[in-house]
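Observations on the model geometry
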Amino acid sequence: MSHKFILPALALMLLSSLPAPAQDTLPDGPGKKAVESYCVQCHDLGTVTRGGYDQTGWRNNVHMMVNVGSGLPPGEIEMLVGYLAKNFPERPKPKAVLIPGSAKVAIREWVVPTPGSRPHDPRATADGAIWYTGQFANVLGRLDPKTGALKLVTAPTPKSRPYGMVVSSKGVPFFVEFGSNKIARIDPDTMAIREYALPSAESRPRRVAITSDDVLWYSDYARGYLGRFDPATGKHTEWASPGGPKSQPYGIAVVKDVVWYSEAGVQPNTLVRFDPGTEKFQTWAIPSGGGVVRNVDVTRDGNLALALSGVNRVALVELK
């Protein structure tokens, strides 16, 4: 689709499906011309043909591309969605690994108003609201979980887009570099940056959380690991995620020094609990499948807010 700015994001989403050979030509049918006219202006044909979604997934992806500047006419959206779903359907993924345990949760979800908005970076505020960025629709959203009311406001800067960041008890920001195998800190006074390389060159930390002792916890998306890094000692520790090396750990948060995150590469996506004291995991399935939980935040009463980007929802996880 025609807006070049979204190439890395779209390529990442499409290529996250199981590997498959790209097709040199497109199957005939209504929608073929739309792919040739709009999709391949920004992506090579293989990026499209390697994708695999059901009709809901393709509809969400097409709307995301329209939101960021594709020239696809509105009247051709459903035709293109039908063509893509028929010819490039969802491929099998590893089954979710569900581990029973004593902890109890209740998960609620809300469909957000703007199709293809790609909810991102939820932030829970003291008044009980859940805020999110509709990344591809250039909007900010506010959800009242008590009433289900959703309010939207357009971001002042057109097509505005930072990755996982936390702040220590001393006010020092730490962030992860998804394009490398590093965690970094930035000095709030001098703005100087110091990088810390993770043990594996293949690591790609995607999100980060922090416990009360200022120890960092990161989701290694590329290798399927949960990682721990102590900036005070430089010590690294890693645990293989329950879903395995292709589980793609992503959104992560800490509640009472217990680590919670989601596996994006399994179907359905999972909510994962890791107790640093016992080093034990527990997992739950996301009811709608999740469609990639890109970010997680903590409410004032110690529950979890989730951005279910691929299914166009936000969710509240009430910890029992």
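Notes on the structure in this doc start here. (Residues numbered from 1 in each chain as written. Predicted model: local features only at pLDDT ≥ 70, side-chain atom pairs only at ≥ 80, totals over all residues. Heavy atoms only, no water.)

Now for the overall build of the protein. Per the secondary structure count, the protein includes 5 helices and 20 strands. For the protein, buried positions account for 51% of its 320 residues. For the protein, the computed accessible surface area is about 14,500 Å², with 55% contributed by carbon and sulfur atoms. (Helix = DSSP H or I, 4+ residues; strand = E, 2+ residues; numbered from the N terminus. Buried < 20%, exposed > 50% of the residue type's maximum accessible area, 1.4 Å probe, protein only. Areas by Shrake-Rupley, 256 points an atom, 1.4 Å probe, with all protein chains shown as cover.)

Strand order in the open sheet formed by 4 strands is β10-β11-β12-β13, and the pairing between neighbours is antiparallel. Every interior strand has two partners, whereas the edge strands, β10 (205-210) and β13 (235-240), have only one. On average, each strand axis in the sheet is inclined to that of its neighbour by 25°, with strand direction left out of account. As judged from the 5 bridges shared by strand β11 (residues 216-220) and strand β12 (residues 225-230), these two strands associate in the antiparallel manner. When the bridges of β12 are listed, Leu 216 appears paired with Phe 229. (Pairing = 2+ DSSP bridges. Axes fitted to C-alpha atoms, helices over the stretch in contact; angles between N-to-C directions.)

Okay, the environment of Lys 104 next. Summarising the element assignment, Lys 104 is placed in the loop between α5 (77-87) and β1 (105-111). The exposure class assigned to Lys 104 is exposed, which follows from its relative accessible area of 51%. Not counting residues up to four positions away in its chain, the partners in contact with Lys 104 are Glu 318, Leu 319 and Lys 320. (Contact = heavy atoms within 4.5 Å.)

Quick look at the pairing of strand β8 (residues 182-186) now. Both strand β7 (residues 173-177) and β8 contribute to a ladder of 4 bridges, which runs antiparallel. Bridge assignment links Val 176 to a residue of β8, and that residue is Ile 183. Counting the residues in the hairpin turn of β7 and β8 gives 4 residues. Bridge count for β8 against strand β9 (residues 193-197) is 5 bridges, and the pairing is antiparallel. Paired with Ala 184 across the bridge in β9 is Glu 195.

Moving on: the sheet that holds strand β16 (residues 270-275). Reading across from one edge, β14-β15-β16-β17 is the order of the 4 strands in this open sheet, with antiparallel pairing throughout. Single-partner strands in this sheet number two, and they are β14 (249-255) and β17 (280-285). Here the strands of the sheet are splayed against their neighbours by 20° on average, with no regard to which way each runs. Inspection of the sheet shows β14 paired to strand β15 (residues 258-263) by 5 bridges, in the antiparallel sense. Across the sheet, the residue bridging to Pro 249 is Glu 263, located in β15.

On to the nonpolar core, then. Ranked by size, the top nonpolar core spans 18 residues in total, and within it Val 35, Trp 58, Val 62, Leu 72, Leu 80 and Leu 84 carry the most contacts. Broken down by secondary-structure element, the contributors of at least two residues to this core are α2 (32-37), α3 (45-49), α4 (55-67) and α5. Examining the composition of this core, we find that 6 residues originate from one element, α5, more than from any other. Within the second largest apolar cluster, 16 residues are counted, among which are Ala 103, Ile 107, Ala 253 and Trp 260. (Core = buried A, V, L, I, M, F, W, Y, C linked by side-chain atoms within 4.5 Å.)

Now for the packing of aromatic side chains. The relation between two aromatic rings is expressed through the spacing of the ring centres and the mutual angle of the planes. Overall, the coordinates contain 9 aromatic pairs when judged by the stated rule. On the basis of an interplanar angle of 70° and a centroid distance of 5.5 Å, the ring pair of Tyr 221 and Tyr 250 is categorised as edge-to-face. Of this pair, Tyr 221 sits in the loop between β11 and β12 while Tyr 250 sits in strand β14, and the two are 29 residues apart along the sequence. Take Tyr 221: its relative accessible area is 10%, and that puts it in the buried class. A relative accessible area of 1% places Tyr 250 in the buried class. (Phe/Tyr/Trp six-rings, centres within 6.5 Å; stacked < 30°, edge-to-face > 60°.)

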